[in-house]
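# Close look at the chain arrangement
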Amino acid sequence: MAGATTDGRVLRGEETRRAVLRRAVAIASVEGLDALSIGRLATDLGLSKSGVFAGFGSKEELQLATVRAARRIFADAVVAPVADTPPGLAKARALCESWLAYSRARVFPGGCFFYEVTAEFDARPGAVRDALADCAREWFDTIAESLDAARNAGDLRPDADPEDLAFALIAVLETANSQAVLHEEDTPYERAGRLLPRLLRAGATDPADPTLAQPGPVRP
């Protein structure tokens, strides 16, 4: 009986933690990580402050847990759907288009969670900035590695720099996210969708590669 009671408490604690983090990532994507507080989350979810505090212990741990939760959501939304795409320029393009779809679908209400909160912490040393830097580096490396694989496969010219190209692609993605959220319109996503294959064709061994064709018209 004692074991069953303990298991029930653990299960309820895990459910509470998941609910808190779902709300936390939504708030932070719009208002930033500094907008999070144990009191606010408790009020929003109809929970006791002590119950929420017990799951995190401090505001910084709440922020770090929120970043970790967002990282998992991002991986599931962006990377997992294209995991089976064969290596090459098609994989690099698929990753970028998956990112645009993630931002466009408002997986996080504020657009890209990491775009929002990184600007908040990029000049503030500490554990939260370190965690965000790790996430940014992981995404950059994912794109750069896909481009390096494309070069090794002969899809990119030998003189093409995968890291330079990754930098340019990510700049396009983040600008599309920022402008689409700011102006509440899809035009930046459509523009980015046209720019991505152009950037990839610029370094491609075969610019006529059909995997780099321009996207078709966006249907309503």
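Our structure is the block above this text.
In short, a report on the structure. (Residues numbered from 1 in each chain as written. Predicted model: local features only at pLDDT ≥ 70, side-chain atom pairs only at ≥ 80, totals over all residues. Heavy atoms only, no water.)

## Some remarks on helix α2 (residues 38-45)
I38, L41 and A42 are the residues of α2 that are buried. The buried residues of α2 occupy an angular sector of 100 degrees when projected down its axis, which confines them to one face. Looking one or two residues beyond α2, the residue adopting positive phi is G46, at roughly 65 degrees. (Buried < 20%, exposed > 50% of the residue type's maximum accessible area, 1.4 Å probe, protein only. Helix = DSSP H or I, 4+ residues; strand = E, 2+ residues; numbered from the N terminus. Arc of directions from axis to C-beta.)

## Some thoughts on the packing of aromatic side chains
According to the stated counting rule, one finds 7 aromatic pairs in the structure shown. Here the aromatic rings of F74 and W139 are separated by 5.3 Å at their centres, their planes lie at 80 degrees, and the arrangement is edge-to-face. Here the residue F74 occupies a position in helix α4 (residues 59-79), and W139 occupies one in helix α7 (residues 127-152), the gap between them amounting to 65 residues. Across the pair, exposure class does not vary: F74 and W139 are buried alike. Aromatic side chains W99 and Y102 sit 5.7 Å apart centroid to centroid with 70 degrees between the ring planes, which places their arrangement in the edge-to-face category. A residue pair is termed a helical-turn pair when its members lie 3 or 4 positions apart in one helix, as W99 and Y102 do in helix α5 (residues 89-104) at 3 residues. With respect to class, W99 is no different from Y102; both count as buried. (Phe/Tyr/Trp six-rings, centres within 6.5 Å; stacked < 30°, edge-to-face > 60°.)

## Focus: the side chain of S146
For S146, the location among the structural elements is in helix α7. For S146, a relative accessible area of 8% gives the class buried. Separated by 2.7 Å, the side chain of S146 and the backbone oxygen of I143 make a polar contact. Those residues within four positions of S146 in sequence are excluded, and the remaining contacts are G88, K91, A92 and L95. (Polar contact = N/O pair within 3.5 Å; in protein donor to acceptor, adjacent residues only side chain to side chain. Contact = heavy atoms within 4.5 Å.)

## With respect to the packing of α5 against helix α8 (residues 162-183)
Viewed as axis vectors pointing N to C, α5 and α8 meet at an angle of 15 degrees, and their least axial separation amounts to 10 Å. Between α5 and α8, the angle is such that the two are roughly parallel. Relative to α8, the crossing made by α5 is right-handed. Residues C96, W99, L100 and S103 of α5 lie in contact with α8, whose contacting residues are L169, L173, E174, A176 and N177. (Axes fitted to C-alpha atoms, helices over the stretch in contact; angles between N-to-C directions. Parallel < 35°, antiparallel > 145°, perpendicular 65-115°, else oblique. Left-handed = near helix turned anticlockwise from the far one by under 90°.)

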